[in-house]
Amino acid sequence: MQHMNGNPIDTSQLLKGVLDLAVLAVLADHDSYGYEVLRRLRESGLDGVGDASVYGTLRRLYQAGALKSYVVPSDEGPHRKYYGLNDRGRGALDQSTKTWGSFTRALDHLLNGRSTANAR
Amino acid sequence: MPDSKQANDVASYAAAVRVALVDLPDAERESLLEDLENHLAEVASESDLSLQERLGEPAAYGAELRSAYRAGSDAASTRPRRLFRDRSWALIKTASSTQAYRELRAILPELRPGWWVLRAYLVVLVLVFFLRDGANLRPIPNPFSRLGLLQVLATLVAIVISVRLGRRGMPVSRVWRGAVLAVNVAIALLALPVLVSMGTGYTYPFSSGYSADPFSAASAGYYPGFTNIYPYSKEGQSLKDVLLYDQDGRPLVPGKTDIVTDVPTGADGLPIPNAYPLNERNPNGDPIVPPRVALPPRQTIAPAASPTATPSP
């Protein structure tokens, strides 16, 4: 996903719809604790994502049974609660990826059609 | 930021977030905030800035948490329904925790054998009802009916079978469990109307005007509401062996009761059931005492002056 700074689209509204998918995608790569998930989301370009949103999403996905969770003691700071995908989470990620794919294809088609029409 | 100051910052920020989410159900809030302190400590350790400077107002943070946690389950629409469901559950839980309910639950298993006996009786009752051949149903087993002994035996056999089945316990399979439950409910439901329609000795006037009672076999009139008739002459003399017939010429016979009647026999050997007063005895053999009657004062006017006299042409 590209930066949309300066774009009239409200990025936070877009994020709301796809945050589950983004969190699942991050965790599919490797297990992470809450703050690390946030950092990796921001590193991948989703710098508008809020800390509370990520934390709340993790807790919800965990409660819904899509994530496994375990505590890893840390020498430097507090214990870290790691999250990772279980089978259900992987199923949800596959499903959401397909939905996202068809959604973006449809939108791309719309936008490309408009730009070629303008070019004429 | 020194560790102690940072810990204080985390604690106070987390407390403020909890306050912002105080309206959530306890279990939901705890599962959401279970790891909040550790998470906030992680955030705080990354920078020297206070949590408020990095994350904004605790109330706003709480609101964002709430919407992220509740995303997908549209809070506005599910809330009243959930509230209703929670209330209903609370009500059921309160009711089921009362002493009266617990005592009732404790007694129910002890009542089970009672139901085994009762359902056996009801099955026989329902069978008798459907096989009764039009006759009015009396409480069964009725020792004064022809089939009384058979009904007693059938009831006893049914009780033995029912209790043996009951002691065997409920089947393990869910399908059979359901079937057993359905049969029990069916017995109870079938027996209800039969019990309601069952006569209690007094015969209901409209139920069987002309029944196939042994007493009224000769297409006799069937007259409920009396068990005997005591005719008197106008002189006050008690009359014997008065034969009574209704408007259709049928012998007048009382409704069948437990009272034992000695019916005189005619020259042709057939019983005469309408010779009044009937010679009746109580079921236990005691004689029935004729009632004391208040006879009207004797008419002294000449018969010709009677208003019912037919005028002569």
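Predicted model, so just to flag it, every value in this text is computed and none were measured. (Residues numbered from 1 in each chain as written. Chains lettered and ligands numbered in written order. Predicted model: local features only at pLDDT ≥ 70, side-chain atom pairs only at ≥ 80, totals over all residues. Heavy atoms only, no water.)

Asks: Just to check I follow, could you spell out the overall build of chain B for this structure?
Replies: Each helix and strand in chain B was counted, giving 9 helices and 6 strands. Residue burial in chain B is summarised as follows: out of 313 residues, 28% are buried. Sequence-distant contacts, at least 24 apart, represent 61% of the contacts inside chain B between residues at least 6 apart. With an accessible surface of roughly 21,100 Å², chain B has 63% of that area assigned to carbon and sulfur atoms. (Helix = DSSP H or I, 4+ residues; strand = E, 2+ residues; numbered from the N terminus. Buried < 20%, exposed > 50% of the residue type's maximum accessible area, 1.4 Å probe, protein only. Contact = heavy atoms within 4.5 Å. Areas by Shrake-Rupley, 256 points an atom, 1.4 Å probe, with all protein chains shown as cover.)

Asks: Help me understand the pattern of salt bridges, please; the structure alone is not making it clear to me.
Replies: Oppositely charged side chains are able to pair whenever their charged atoms sit close together. One pass over the structure, following the stated rule, counts 16 salt bridges over all chains. Among the ionic pairs, A:Arg80 bridges to B:Glu42, the shortest N-O distance being 2.7 Å. You can see A:Arg80 sitting in strand 3 (residues 80-85) and its partner B:Glu42 sitting in helix 3 (residues 36-45), one on each of two chains. This pair shows no difference in class: A:Arg80 is buried, exactly as B:Glu42 is. As a salt-bridge pair, B:Asp23 and B:Arg66 come within 3.0 Å of each other at their nearest N and O atoms. Taken as a pair, B:Asp23 in the loop between helix 1 (3-20) and helix 2 (26-33) and B:Arg66 in helix 5 (residues 58-70) lie far apart in primary sequence, 43 residues in all. Connected via shared salt-bridge partners are A:Arg59, A:Lys81 and B:Glu34. (Salt bridge = Lys/Arg side-chain N within 4 Å of Asp/Glu carboxyl O.)

Asks: Honestly, helix 3 (residues 51-63) of chain A in this entry has me stumped. Any pointers?
Replies: For an α-helix the count is 3.6 residues per turn, leaving residues at separations of three or four pointing the same way. Residues and elements named next belong to chain A. For helix 3, spanning 13 residues, the distance from its first C-alpha to its last is 18 Å, which sits close to the expected 18 Å at 1.5 Å a residue. Of all 13 residues making up helix 3, 11 are buried, and the element is well covered by its neighbours. Residues of helix 3 that are buried include every one of Asp-51, Ala-52, Ser-53, Val-54, Tyr-55, Gly-56, Thr-57, Leu-58, Arg-59, Arg-60 and Leu-61, and no others. (Expected span 1.5 Å × (residues − 1).)

Asks: How should the packing of aromatic side chains be read in this particular structure?
Replies: The description of an aromatic ring pair uses the distance of the two centres, along with the angle that the planes make with each other. Under the criterion given, the structure shown has 5 aromatic pairs over all chains. Taken together, a centroid distance of 6.2 Å and an interplanar angle of 70° make the contact between A:Tyr62 and A:Tyr83 edge-to-face. Within this pair, whereas A:Tyr62 is found in helix 3, its partner A:Tyr83 is found in strand 3, the two being separated by 21 residues in sequence. Of the residues examined, A:Tyr62 reaches a relative accessible area of 30% and is grouped as partly exposed. Taking the relative accessible area as the measure of exposure, A:Tyr83 reaches 2% and is therefore buried. Where B:Tyr13 meets B:Tyr61, the ring centres are 5.7 Å apart and the plane angle is 75°; that geometry is what we call edge-to-face. Remark: B:Tyr61 occurs in helix 5 and B:Tyr13 occurs in helix 1; sequence separation between them is 48 residues. Grouping aromatic residues by their ring pairs yields a cluster made of A:Tyr33, A:Tyr70 and A:Tyr82. (Phe/Tyr/Trp six-rings, centres within 6.5 Å; stacked < 30°, edge-to-face > 60°.)

Asks: In this structure, what is going on with empty space enclosed by the protein? I would like to understand it.
Replies: Once rolled over the atoms, a probe with the size of a water molecule shows which space is left empty. In the structure shown here, the tally under the stated rule is 2 cavities of 30 Å³ or more. In this structure, the second largest cavity encloses a volume near 80 Å³. Taken together, the elements giving at least two residues each to the lining of the second largest cavity come down to helix 2 (34-43) and strand 3 of chain A together with helix 3 of chain B. Of the residues contributing to the lining of the second largest cavity, the split by class is 4 nonpolar, 4 polar and 4 charged. (1 Å grid on protein atoms, 1.4 Å probe; cavity = no way out; pocket = protein on both sides within 12 Å on 5 of 7 lines; lining within 4 Å. Points joined across faces, edges and corners; volume = space filled by probe spheres on them. Nonpolar A, V, L, I, M, F, W, Y, C, P; charged D, E, K, R; others polar.)

Asks: Can you help me understand the nonpolar core in this one?
Replies: Soluble, globular proteins show a tendency: their nonpolar side chains are buried together. A:Leu41, B:Leu36, B:Leu40, B:Tyr61 and B:Leu65 are the most contacted members of the largest nonpolar core, which totals 43 residues. Per-element tally for this core: the top contributor is helix 1 (residues 11-29) of chain A, with 8 residues. The residues touching B:Tyr61, leaving out its near neighbours within four places in the chain, are A:Asp51, A:Ala52, A:Tyr55, B:Tyr13, B:Val17, B:Leu36, B:His39, B:Leu40 and B:Leu55. By size, the runner-up hydrophobic cluster in this structure holds 8 residues, among which are B:Phe129, B:Ile187, B:Val194 and B:Met198. (Core = buried A, V, L, I, M, F, W, Y, C linked by side-chain atoms within 4.5 Å.)

Asks: In this structure, what is going on with the interface of chain B and chain A? I would like to understand it.
Replies: The extent of an interface is frequently quoted as the accessible surface area lost upon association of the parts. Across the boundary between the two partners, chain B contributes 21 residues, which contact 19 residues of chain A. Summed over both sides, the interface of chain B with chain A buries roughly 1,800 Å², with 53% coming from carbon and sulfur. There are 4 salt bridges connecting chain B and chain A. In this structure, B:Glu34 and A:Arg59 form a salt bridge, with 3.4 Å as the shortest nitrogen-oxygen distance. For the interface between chain B and chain A, the tally reads 15 residue pairs in polar contact (both at pLDDT 80 or more). Residue assignment for the side of chain B that touches chain A shows that the elements contributing at least two residues are helix 2, helix 3, helix 4 (51-55) and helix 5 of chain B. Of the residues that constitute the side of chain B that touches chain A, the class distribution is 11 nonpolar, 3 polar and 7 charged. (Buried area = accessible area lost by both parts, 1.4 Å probe. Polar contact = N/O pair within 3.5 Å; in protein donor to acceptor, adjacent residues only side chain to side chain.)

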